[in-house]
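# Architecture and fold: a report
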Amino acid sequence: MNIESERLRLQEISWDDLSDIHKLHSNPEVDKYNTLGIPKDIEETKEVIRPLIEAQKSEKRKSYFWKIVVKNTDIFIGIAGINLSLNKFKLGEIYYKLLPSSWGNGYATEVSKTLIKSGFKDFNLHKVEAGVSTDNIASIRVLEKSGMTREGLRRKILPIRGEWKDNYHYAIVEDDPMDY
């Protein structure tokens, strides 16, 4: 399943994307608020994405993982995903990660809105959620520009470089106002 927005394509990853994903995960600026940590080598990145590639074959799929490319150049700028809850709850949690060279162009907001829209339209969700480090001001702005509401604070839940960090919980429900 691939998704498009005005300027971007979200394409399901393949093993051909390993090098780009490793470069993204290895970037210290990208890692600043990331719980994954910088991989020690490309083999570690391979093991991180293995279950995401294998999940593509599942009939009762609960996770989707895309590379983000700019439509008019086909240049890789990041990754995005959605994890789905049990059908009863109709929840999805979105996430995204972009290379610093693509920051400041509105791409993260475009990705966030695209994931939210797809969550309601393609996955028939009732609620789309996202978590963000309380220190990650740029990502907080992205979620708020996407129409999400801060619903709470989860204290000391994010293991980032040996410290426990707080996380804001954001969400949007299907009948909330959306300008997209």
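Each chain has its residues counted from 1, running along the sequence as written. Where totals are concerned, whole chains, interfaces and linings use all residues; where local detail is concerned, this predicted model gives features only for residues with pLDDT of at least 70, and gives and counts side-chain atom pairs only at 80 or more. Processing note: side-chain calculations cover all non-hydrogen atoms of the structure and skip hydrogens and water entirely.

Attention shifts here to the overall build of the chain. Comment: elements are numbered from the N terminus, with helices defined as DSSP H or I runs of at least four residues and strands as E runs of at least two. Counting its secondary structure elements, the chain contains 5 helices and 8 strands. Along the chain direction, N to C, the helices and strands of the chain fall in the order β-β-α-α-α-β-β-β-α-β-α-β-β. Compactness check: the chain gives a C-alpha radius of gyration of 16 Å against a globular reference of 16 Å for 180 residues, within 12% of the reference. If one aligns the C-alpha atoms of the chain with their principal axes, the spans along those axes are about 45 × 35 × 35 Å. Using C-alpha atoms as the atom set, the radius of gyration is obtained and then compared with a globule rule of 2.2 Å times the number of residues to the power 0.38.

Only the contacting stretch of a helix is used when fitting its axis, a line to C-alpha atoms as for every element, and angles between N-to-C directions run 0 to 180 degrees. The geometry of helix α4 (residues 107-121) relative to helix α5 (residues 137-145) is characterised by a closest axis approach of 9 Å and an angle of 45° between their N-to-C directions. With respect to their mutual orientation, α4 and α5 come out oblique. Read as a crossing pair, α4 and α5 show a hand that is right-handed. Along its contact with α4, which presents Ala-108, Thr-109, Ser-112 and Lys-113, the element α5 presents Val-142, Leu-143 and Lys-145. Any residue that is not Ala, Val, Leu, Ile, Met, Phe, Trp, Tyr, Cys, Pro, Asp, Glu, Lys or Arg is counted as polar, Gly included; the first ten are nonpolar and the last four charged. Of the residues that constitute the contact of α4 with α5, the class distribution is 3 nonpolar, 2 polar and 2 charged. In what follows, roughly perpendicular refers to angles from 65 to 115 degrees, roughly parallel to angles under 35, roughly antiparallel to angles over 145, and oblique to any angle outside these ranges. Crossing chirality is assigned from the near helix's rotation relative to the far helix, an anticlockwise turn below a right angle marking it left-handed and a clockwise turn marking it right-handed. Between two residues, a contact is recorded if the distance between any of their heavy atoms is within 4.5 Å.

Glancing now at the pattern of salt bridges. We count a salt bridge whenever a side-chain nitrogen from Lys or Arg sits within 4 Å of a carboxyl oxygen from Asp or Glu. Applying the stated rule across the entire model yields 13 salt bridges. With a closest N to O distance of 2.0 Å, Asp-74 and Arg-9 form a salt bridge. Here the residue Asp-74 occupies a position in the loop between β3 (63-70) and β4 (76-84), and Arg-9 occupies one in strand β2 (residues 8-12), the gap between them amounting to 65 residues. On the accessibility criterion, Arg-9 (18% relative accessible area) is buried. As a salt-bridge pair, Asp-31 and Arg-161 come within 3.8 Å of each other at their nearest N and O atoms. Only protein chains enter the accessibility calculation, which uses a 1.4 Å probe; a residue whose area is less than 20% of its type maximum is buried, one above 50% is exposed, and one in between is partly exposed.

Below, the discussion takes up α4. Take the number of residues in a helix, subtract one, and multiply by 1.5 Å to get its expected span. Under the 1.5 Å per step criterion, the end-to-end length of α4 is 21 Å for 15 residues, consistent within 8% with the ideal 21 Å. Among the 15 residues of α4, 12 are classified as buried, and the element is accordingly described as predominantly covered. Listed as buried for α4 are Tyr-107, Ala-108, Thr-109, Glu-110, Val-111, Ser-112, Thr-114, Leu-115, Ile-116, Ser-118, Gly-119 and Phe-120.

Of the positions making up α5, those classed as buried are Ser-139, Ile-140, Val-142 and Leu-143. Buried residues of α5, viewed axially, fall in a sector of 160°; they line one side. Contacts made by the buried residues of α5 are with β5 (91-98), α4, β6 (127-133), β7 (149-160) and β8 (163-173). Count one or two residues on from α5 and you reach Gly-147, which has phi positive near 90°. Picture the helix axis, draw a direction to every C-beta atom, and the arc is the one those directions span.

Moving on, we get to the layout of surface pockets. The gaps left among the atoms become clear once a water-sized probe is rolled over them. Buriedness of a pocket was judged along seven lines, with at least five required to meet protein on both sides within 12 Å; pockets are open sets of points on a 1 Å grid over the protein atoms alone, cavities are sets where a 1.4 Å probe fits but cannot get out, and lining residues have an atom within 4 Å of a point. Grid points are joined across faces, edges and corners, and a volume is the space filled by probe spheres set on the points. In this model, the largest pocket occupies a volume close to 1300 Å³. Class assignment of the residues belonging to the lining of the largest pocket gives a composition of 22 nonpolar, 15 polar and 8 charged. In this model, the second largest pocket occupies a volume close to 230 Å³. Together, Ile-3, Glu-4, Glu-6, Glu-110, Lys-113, Thr-114, Lys-117, Ser-118, Lys-121, Asp-122 and Tyr-180 line the second largest pocket. Contributing elements (two or more residues each) for the lining of the second largest pocket: β1 (3-4) and α4. Sorting elements by how many residues they give to the lining of the second largest pocket places α4 first, with 6 residues. When the residues that make up the lining of the second largest pocket are grouped by side-chain class, the tally is 2 nonpolar, 2 polar and 7 charged.

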